[in-house]
Amino acid sequence: MRKVLFAASECVPFVKTGGLADVVGSLPKVFDKSEFDIRVMLPMYECIKDQYKSQMQTVYYFQMDNIVYVGVMKLELDGITYYFIDNKQYFSGSKPYFDLFTDLERFAYFSKAVLSALPLIGFRPDIIHCHDWQSALIPVYLNTVFQGDPFFQGIRTIMTIHNIRFQGTWNVGHLQYVSRLPHEVFEPTKLVSPFQDTSLPKSDWTASMLRGGLVYSDWITTVSNSYAYEIQTPQFSDGLDDILLCRNQRLKGIVNGLDYQIWNPETDANIAETYNIENFIAKRNANKIALQKELGLNPDPSVFTLGIVSRLTDQKGLDLVDQIMDQLCETRMNLVVLGTGDPHYENMFRHYQSKYPNKIAAIIGYSEELSHRIYAGVDALLVPSAFEPCGLTQLISLRYGTVPIVHEIGGLKDTVQPFNQYDNTGTGFGFKGYHSQELMDRINHAMYLFYNDKATWNGIQKRAMEQDWSWKNSCEVYRQLYLGM
Ligand code: ADP
């Protein structure tokens, strides 16, 4: 029996701000329980729903380094054991993340507490699987501060990059203060870039927690093959291409899967009419009408309806959407937006909604339930991201028979097959150059088929729904990785 511990800052159903939570919430469940014991460790955020908090039990508490309180809570849910690192000073508040300066200390604490707790709770993993910068110091602590303890010898680590843009970067002085890691790790080629100007005082050098995870882990994975290549280039690496190139024999791209229990149009309790590949055409129309009514648009299934479900940030290609919005609104269409994030983009969509109230419905907020109704009710989903490690919204969209229109990059390129009119293949639409007119061209092409060639349009939807983006294939790749370590 192989024992694996996931350490992460988000996990469905406890706390979610993006795709990381979907992955950490679904991947452990797909492994064969007779072969793997996979458990998950998360921060005990105050914002976790009472429904879960009330079921947790305290398994241990202690003072880490004789000064800092660590409580360990436990909850079994759907066959998975979850542990929560409890410290009110660090994890109270209404949300999981605050400003980066504060978060650095909170997640340095979390990473050290994960390791400190293990000998006390009766679980010694063979592998610790770390996700993103918030748990990236685990391999660093393991190979330095904890190295002398026989309990930890032989524990292997994997560092998974869900988004290289976020690294937990600050100056050495502060990171050293919050982590109490030894001086030796704050050197160029370790947590510090080899290109650091070393003539500056050392405490002013820049250090990256994610870099630490990449240097000290046994394996590095990221969430699609294309992204694994892209991040080895300066254009996409956010300054980490040196270490990724250096370690590329230990770097694997493994595309994310989707939780097919949560994302299943046949059983989805959030949508007006459930459907499957046999009856999707009529039923999706009913869902579209229900969605249009819910959002105050004119209920008319014959109108081409686009959707966006996204964090509203620079990454997501919303500058391209901004540039085509007036042009788009001259056509016969609706656009439904669900998102929250950068105030600039929130206001941009509020502006277009007030300018084109009959065409645009912008819901600035976060709603899991509404997101399901959008996937089931719109004809096409826009995902024009500037970069996209994997992307889950296009996978959900394929599953729901919503045609994705994507920038062919990262995971979008690996999961959406662009429509080819010559041999009538493809599961969506893709554009290669990051230009607004290319996006507009693809929308026009989709709209043309929707209005003029329903057989071809429905064929794309059907092929999309026939795809299998569950965890089945990727689980096998992780399985081989775990067994080989
Ligand atoms: P990222 O992790 O970069 O945000 P992904 O495409 O990997 O992007 O995952 C986004 C996930 O978050 C999807 O499950 C999507 O449905 C969900 N999501 C994004 N924004 C919202 C929102 N405003 N309301 C509900 N769900 C959202």
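Here is a short report on the structure shown in this document. (Residues numbered from 1 in each chain as written. Predicted model: local features only at pLDDT ≥ 70, side-chain atom pairs only at ≥ 80, totals over all residues. Heavy atoms only, no water.)

Examining the site of the ligand
Here comes step 1: Taken together, 21 residues sit near the ligand, with Gly19, Arg311, Lys316, Tyr375 and Leu392 positioned nearest.
Here comes step 2: Interatomic distance of 2.8 Å between a backbone N/O atom of Leu392 and an oxygen atom of the ligand.
Here comes step 3: With respect to the ligand, the backbone of Thr393 contributes an N or O atom lying 3.4 Å from an oxygen atom.
Here comes step 4: Coverage of the ligand by the protein amounts to 93% of the 560 Å² it exposes when considered alone.
Here comes step 5: Breaking the shell around the ligand down by element, the ones donating at least two residues are α1 (19-26), β12 (304-312), β13 (333-341), α14 (368-377) and α15 (393-399).
Here comes step 6: Grouping the amino acids of the shell around the ligand by side-chain chemistry returns six nonpolar, ten polar and five charged. (Near = heavy atom within 4 Å. Polar contact = N/O pair within 3.5 Å; in protein donor to acceptor, adjacent residues only side chain to side chain. Areas by Shrake-Rupley, 256 points an atom, 1.4 Å probe, with all protein chains shown as cover. Helix = DSSP H or I, 4+ residues; strand = E, 2+ residues; numbered from the N terminus. Nonpolar A, V, L, I, M, F, W, Y, C, P; charged D, E, K, R; others polar.)

Re helix α11 (residues 280-294)
Here comes step 1: Its 15 residues give α11 an end-to-end C-alpha distance of 20 Å, which sits within 8% of 21 Å, the value for a rise of 1.5 Å per residue.
Here comes step 2: When we look at burial in α11, the residues that qualify are Phe280, Arg284, Asn287, Lys288, Leu291 and Gln292. Around the axis of α11, the buried residues are gathered within 135° of arc, so they sit on the same side. Away from its buried face, by an angle of more than 90 degrees, α11 presents the exposed residues Ala282 and Lys293.
Here comes step 3: Lining the buried residues of α11 we find β12, β13, α14, α17 (436-452) and α18 (454-466).
Here comes step 4: Phi turns positive one or two residues past the end of α11, at Gly296, with a value near 80°. (Expected span 1.5 Å × (residues − 1). Buried < 20%, exposed > 50% of the residue type's maximum accessible area, 1.4 Å probe, protein only. Arc of directions from axis to C-beta. Contact = heavy atoms within 4.5 Å.)

Quick notes on the sheet that holds strand β17 (residues 429-431)
Here comes step 1: Strand order in the open sheet formed by six strands is β14-β13-β12-β15-β16-β17, and the pairing between neighbours is parallel. The two strands at the open ends of the sheet, each matched to only one other strand, are β14 (360-364) and β17. Strand-to-strand twist of the sheet, defined as the mean angle between neighbouring strand axes without regard to direction, takes the value 15°.
Here comes step 2: In terms of strand pairing, strand β16 (residues 403-407) meets β17 through three bridges, oriented parallel. Bridged to Val406 within β17 is Gly430.
Here comes step 3: Of the strands in this sheet, β12, β13 and β14 touch helix α13 (residues 343-355), which is tilted by about 150° from β14.
Here comes step 4: Each of β12, β13, β14 and β15 (380-383) is contacted by α14, which is oriented at about 150° to β13, the strand it contacts most. (Pairing = 2+ DSSP bridges. Axes fitted to C-alpha atoms, helices over the stretch in contact; angles between N-to-C directions.)

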